[in-house]
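One letter stands for each residue in the lines below.
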Amino acid sequence: MPNDKILIRVQSAEGIKRIEISSKSNLKHLYDSVQNALKVDGFGLFKERNFLTELQASGSQLVGTSLKHGDMVYLKQMAGTSSRRTSTTVMDSQAFKTSTISNPNSARPSINVVEDDVDQALSKADGTIKRERDSKLCHHNANGRCVHCSALEPYDESYLKEQKIKHLSFHSYIRKQTSGMDQGKYFVFDDINCRIKPGCREHPPWPKGICSKCQPSAITLNRQTYRHVDNVMFENTKIVERFLNYWRTTGHQRMGYLYGTYEQHTDVPLGIRAKVAAIYEPPQESTRDSINIQPDEFADDVDAVASALGLKKIGWIFTDLITEDASVGTVKQIRGIESHFITAQECITAGELQNRHPNPCKYASNGVFGSKFVTICVTGDKTKQVHMEGYAVSAQCMALVRDNCLIPTKDAPELGYVRESTDKQYVPDVFYKEKDQYGNEVQRLARPLPVEYLLVDVPASTPLQPIYTFTEYDKRQPFPIENRYIDGHLQDFNALSCYLSAWGEEEFLEAISDFHLLVYLYKMDMLPLRQHMGPLLEAVRTKNPNEAAQFKVVDVWKLLESLIQASSGGSGGTTSYPSGGASASAGAAGSEAMDLDANTWTCNHCTFINRGELTSCEICSLPR
C-alpha cells in the first residue's frame, strides 16, 4: 500500500464498509467515495458513535488532518444532500420536524415565504395582555409590577377561559410553541402525509410491496386547539340580504364566494378577523335540497377585479333553509347538536377549498400551512330564525381530503368514512378517541368518522355601525347579481341601461361602486372595457370622485353611454327593472312600437335594427 493511502472504516445501518482513500484528498472526496461505495445519499459522517462531531464535506480540509489509517467513522442518514449541508440537527416527530438550510443558527426552512400583511403585522406585535394595577392585591407603586398585574402571554389558559375564547389564535399558538428555551429554533410545521412516498427501490411498487420507509404513519385525529381566523364580519346586513333574495324568490338553496380582507381582531389576543365586502355567486344548479357548482370560466376575471379593489377570496357561504311558516317568516331548524352542524360532504368541500387557498407561513416546511378560508352556513336556529354559523376544517382534514382519503356516507350526513386500501391507493389507518359507556377513553377506527373531530368553530357577525365598501342602496334598485337565471335578476344590456339611467351625473362614483356591476363590465364582450378599467377600479378602491370623473371622458365609456342613450331613446327590449326617468319610459314605448313591425327586430345588446329573417345580430353576432 502506498504511503499516502489510508484505510477508513465506515459503519452504517448496513454494516461496516472499508474505504481506501489518499490522506491528501479532501473530505468532500471522502463523502463521494462513501456515496459510491454504499449507494446512499443524504448522509453525514461523524467521528463518534453518538454523532457529536460531524466531518464537514469541505473541499479545503484534507482527510489526513482529521483521520488516520484504520479510523472508524459513523454514517447517519439525514435529509438533504451532505455535500451542500453545513450543519444539520434532526428531531423525530410526527407533527413537527426540522428542515435543512444553509444557516447553521436556525433550523427554519430556507423558502422565502411572503406572508399576508396581517400575519406580518401580528408577528411584529407584542401580543401580551396588559393588566391594570389591582388596588387590593398590588402593594407596590404605580411604576412597579407583580404577579397580579404583570402582562399575560396571549396563550394564557385562565384568561382565555375567563373571556370564553374557545380556540387559540394561530399566532398565539405559534408564540406558545416558540416560548421555550430554544425560542422556537427547531419549530416547524409539517403537513400530514397520507400517501406512499415515491421512489423507494427496495421493493416493487404498491400493491406488490411496501416497507416502513415509504409507508405513511397511522393518524390519530385530535381536535384542533387553534384557528387561523377568529371571527368573520360582514360589513353590513344588506350583503347577506341580497344573497338570500334568491332563496326567498325561488325556494332553492344558493352558494357564493366571500370577497374581503383580513385584519387584526382585537377581541382575541393576536387574532385575525375576515371582513366580507361582497359575495360572488358562481354558476350553479340548485334545488330545494342540493347545490351543484358548475365550472366558472370567468373565475380569473372576478379575482382580477377583486385584486384591483384590494380584496381577495376569503371564504364561501351556502344556505340550508326550508320555510316553516311564510306568513311570519320562520324557517325549520335542520342543524343542531342533536343532528349535525355540517355534513360530511360540506366538510370535504370546505377541505378542498382550503387546500386551494393555503395560508403562507414561514414556519412551514413547504412554505404553506393550513388556510384562512372560512365556511359560512346560513340555516335556522332554535328560535326558527335565519342565522349564520361559521366553520373551518382542521389541517388533518385538509390532508385527508387532499390525498383523497375521506368520503361521505350515504345515509348519515354527520358521518364521514375513511377509504379502505385498494390496489390503486394505499390509505393509512385513521383513528379517533371517544369515551365509552363507562367513561373510559377508547380509540376507534374512523370507519365511520364523526365530522366534528375535523371542525373548528368561527363566529360570524355584523358590526353595530354598518360599513360600506360599495354602494349603499336605499331606494334605488341595485344592479342584478350574476348567474341568476330568473326573471328580474338577469344581467344584460337592458339591466345596465336602466341601472345607470337611474343615477345623476354627479353620482357616477356611487353608481359604479358595485362589485357585481364592475365584474359585469370587466367581462363584457360587446365593448373592450377590460383594458381601460384600471383607473376606474382604483377610483372605486380609494373612493376618489375626481379619478372616476376622468374615466367618463374615455372613448370606450363614451361609446357605452351612446349605446345606452340609443337603447333608451327608441329601441331595445323590455326589462323588469324600474327605469330612472322619462327616457327609459320612452325607450320601452319605442320598443313596443318596433315590435309591431314583423319584418324587423331590435338587438337587445347593441340596439341595432335587424331584418326579421335573421336569428342573430349583424353587428354583435349575439342571438335574437
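Report on the accompanying structure.

So, how was this worked out
Residues numbered from 1 in each chain as written. Predicted model: local features only at pLDDT ≥ 70, side-chain atom pairs only at ≥ 80, totals over all residues. Heavy atoms only, no water. Salt bridge = Lys/Arg side-chain N within 4 Å of Asp/Glu carboxyl O. Helix = DSSP H or I, 4+ residues; strand = E, 2+ residues; numbered from the N terminus. Buried < 20%, exposed > 50% of the residue type's maximum accessible area, 1.4 Å probe, protein only. Axes fitted to C-alpha atoms, helices over the stretch in contact; angles between N-to-C directions. Parallel < 35°, antiparallel > 145°, perpendicular 65-115°, else oblique. Left-handed = near helix turned anticlockwise from the far one by under 90°. Contact = heavy atoms within 4.5 Å. Nonpolar A, V, L, I, M, F, W, Y, C, P; charged D, E, K, R; others polar.

**Points about the pattern of salt bridges**
Tallying each qualifying case throughout the model produces 29 salt bridges. Residue Arg242 pairs with Asp514 through a salt bridge whose shortest N-O separation is 3.5 Å. A residue pair is termed long-range when its members are at least 10 positions apart, and Arg242 in helix α6 (residues 237–250) and Asp514 in the loop between α11 (508–512) and α12 (515–522) qualify at 272 residues. For Arg242, a relative accessible area of 18% corresponds to the buried category. Looking at Asp514, the relative accessible area reads 1%, which means it is buried. For Asp289, the salt bridge identified is with Arg288, shortest N-O distance 3.3 Å. Taking the relative accessible area as the measure of exposure, Arg288 reaches 43% and is therefore partly exposed.

**Details of the environment of Ser150**
Tracing the sequence through the fold places Ser150 in the loop between α3 (117–124) and α4 (157–162). The class of Ser150 is partly exposed, set by a relative accessible area of 26%. In the structure, Ser150 is positioned 19 residues away from Arg131 in sequence and 6.3 Å away in space, judged by C-alpha atoms.

**Let's talk about the packing of helix α10 (residues 493–501) against α12**
Two numbers describe how α10 lies on α12: the axes approach to 12 Å, and their chain directions differ by 130°. The orientation of α10 relative to α12 falls into the category oblique. Once α10 is placed against α12, the crossing between them reads as left-handed. Mapping the contact onto sequence places Phe493, Leu496 and Tyr499 in α10 and Leu517, Tyr520 and Leu521 in α12. Of the residues in the contact of α10 with α12, the class split is 6 nonpolar, no polar and no charged.

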